[in-house]
Amino acid sequence: MTPTDQPMARWVQVFLEAQAAELDAATNTQLAYARDLQDFAGWLAPKGLHFAGATRDDVESYLIACEAEGLAKSTRARRLSAIKQLYRFAFEEGWRDDNPAIQIKGPGRPQRLPKTLSVEEVDRLLDAARNTPREALRNTCLMELLYATGMRVTELVSLPVSAARGDPRMLLVRGKGGKERLVPLSPPAREAMAAYLTARDTAEEVARKSGKPASKFLFPSRGKSGHLTRHRFFGLIKEFAVAGGVSPAKVTPHTLRHAFATHLLAGGADLRAIQTMLGHADVATTEIYTHVLDERLKALVLDNHPLAKAAKP
């Protein structure tokens, strides 16, 4: 059976397997691709169409249908990206002679300023983590590391315990696509990690004596993943928000990542350094944080420009 005779589900399966093998695509990325391509296949099938024969007009008609459904620009842009990736793969594999989506321009993504937190609000969250009735050392370590490094939540919860050994000044983080980066640790983060590591190792030794295998993760869990899940940490940070008197609606793990970047930038850190620590491939992604400089620049002009000084009473 030639690729063009295979069901569309098979196209998606082979494409995702290639993404995982060649690009080390993250699980969440693969799941998003799968959902988007299944939706496109579901739109094509009733019309008697297949990935193999769909034209540029078909892809554009699908995107128009997505817009008519009221889907957000970001969702439509993501779906087009998945379709382009599939057709690029199909072209490279010789399944198609062309990429019908290559010249289609997406709807663009609205540039929204990231939600962030004040330094005082972050302090409240950290205090709440320190004062939790159970797992205080672990929770403190989680929050201190997140705020000190700006890690993505998946990077944080899946940290190997080996990264914490030896009281490191720099933390080795494995990010998207398997790319590694070094992020400096603040003294409070190092102290929190050292204290938690001692308690963690003690608990792991007790578990080992009862016949349970040792965990390779810094934040172990007996669940399927072997480490604390993103979902559980999301729930924890909401609990810290409630306990700290911060609106839970504005607090997520990603908000702490934004706070890390905006607070560093407001303190005078170099944008390129922040890009490296966040693991952004393009500095343009990091530039969204420059909104925090607006007030500083206004104050700088008003305080130092000779004409502004002359205008003061």
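Relevant structure appears above.
Computed from a predicted structure; not experimentally measured.

Here's the deal with the overall build of the protein
In terms of helices and strands, the protein carries 14 helices and 2 strands. The 313 residues of the protein split such that 42% are buried. Taking contacts inside the protein between residues at least 6 apart in sequence as the whole, the part at least 24 apart equals 57%. Accessible surface, the protein: about 17300 Å² in total, of which carbon and sulfur atoms supply 55%.

Considerations on the side chain of Arg138
Along the polypeptide, Arg138 turns up in helix H6 (residues 136-149). With no salt bridge to any partner, buried Arg138 finds its closest opposite charge in Glu135, at an N-O distance of 4.2 Å. Among the polar contacts made by the side chain of Arg138, one reaches the side chain of Asn139 at a distance of 3.0 Å. Among residues more than four places away in sequence, those in contact with Arg138 are Tyr196, Phe219, Leu228 and Leu236.

Thoughts on the pattern of salt bridges
Here the structure, examined in full by the defined rule, presents 18 salt bridges. With a closest N to O distance of 3.6 Å, Arg79 and Asp36 form a salt bridge. A residue pair is termed long-range when its members are at least 10 positions apart, and Arg79 in helix H4 (residues 73-92) and Asp36 in helix H2 (residues 27-44) qualify at 43 residues. Of the residues examined, Asp36 reaches a relative accessible area of 2% and is grouped as buried. In this structure, Arg96 engages Asp98 in a salt bridge whose closest nitrogen and oxygen atoms are separated by 2.9 Å. A cluster of three or more residues bridged by salt bridges with shared partners is formed by Asp36, Asp39, Arg78 and Arg79.

Describing unusual backbone geometry
Backbone geometry places Glu135, a non-glycine residue, at a positive phi of 60 degrees. Relative to the helices and strands, Glu135 is located in the loop between helix H5 (119-130) and H6. Its relative accessible area of 42% is what places Glu135 among the partly exposed residues. Residue Asp167 is not a glycine yet carries a positive backbone phi of 50 degrees. Among the residues examined, Asp167 registers a relative accessible area of 36% and is labelled partly exposed.

Focus on the nonpolar core
Generally speaking, nonpolar side chains in soluble globular proteins are found buried as a group. One finds Leu145, Leu218 and Phe233 to be the most contacted residues of the largest nonpolar core, which totals 50 residues. Every residue in contact with Phe233, bar those within four places of it in the chain, is listed here: Leu142, Met143, Leu146, Val153, Leu156, Val157, Leu228 and Pro253. If you look at the next biggest cluster of nonpolar residues, it comprises 30 residues, including Phe15, Phe40, Trp43 and Leu63.

A short note on H2
Here H2 is 18 residues long and its end C-alpha atoms lie 26 Å apart, about the 26 Å a rise of 1.5 Å per residue gives. Among the residues of H2, Gln30, Ala32, Tyr33, Ala34, Asp36, Leu37, Phe40, Ala41, Trp43 and Leu44 are the ones counted as buried.

Considering the packing of aromatic side chains
The relation between two aromatic rings is expressed through the spacing of the ring centres and the mutual angle of the planes. Tallied over the full model, the rule gives 9 aromatic pairs. Between Phe40 and Tyr62, the ring centres sit 4.9 Å apart and the planes meet at 50 degrees, which makes this aromatic pair tilted. You can see Phe40 sitting in helix H2 and its partner Tyr62 sitting in helix H3 (residues 56-68), a full 22 residues away along the chain. Using a relative accessible area of 1% as the deciding quantity, one classes Tyr62 as buried.

Cut-off values and rules
Residues numbered from 1 in each chain as written. Predicted model: local features only at pLDDT ≥ 70, side-chain atom pairs only at ≥ 80, totals over all residues. Heavy atoms only, no water. Helix = DSSP H or I, 4+ residues; strand = E, 2+ residues; numbered from the N terminus. Buried < 20%, exposed > 50% of the residue type's maximum accessible area, 1.4 Å probe, protein only. Contact = heavy atoms within 4.5 Å. Areas by Shrake-Rupley, 256 points an atom, 1.4 Å probe, with all protein chains shown as cover. Lys, Arg positive; Asp, Glu negative; His and termini not counted. Salt bridge = Lys/Arg side-chain N within 4 Å of Asp/Glu carboxyl O. Polar contact = N/O pair within 3.5 Å; in protein donor to acceptor, adjacent residues only side chain to side chain. Core = buried A, V, L, I, M, F, W, Y, C linked by side-chain atoms within 4.5 Å. Expected span 1.5 Å × (residues − 1). Phe/Tyr/Trp six-rings, centres within 6.5 Å; stacked < 30°, edge-to-face > 60°.

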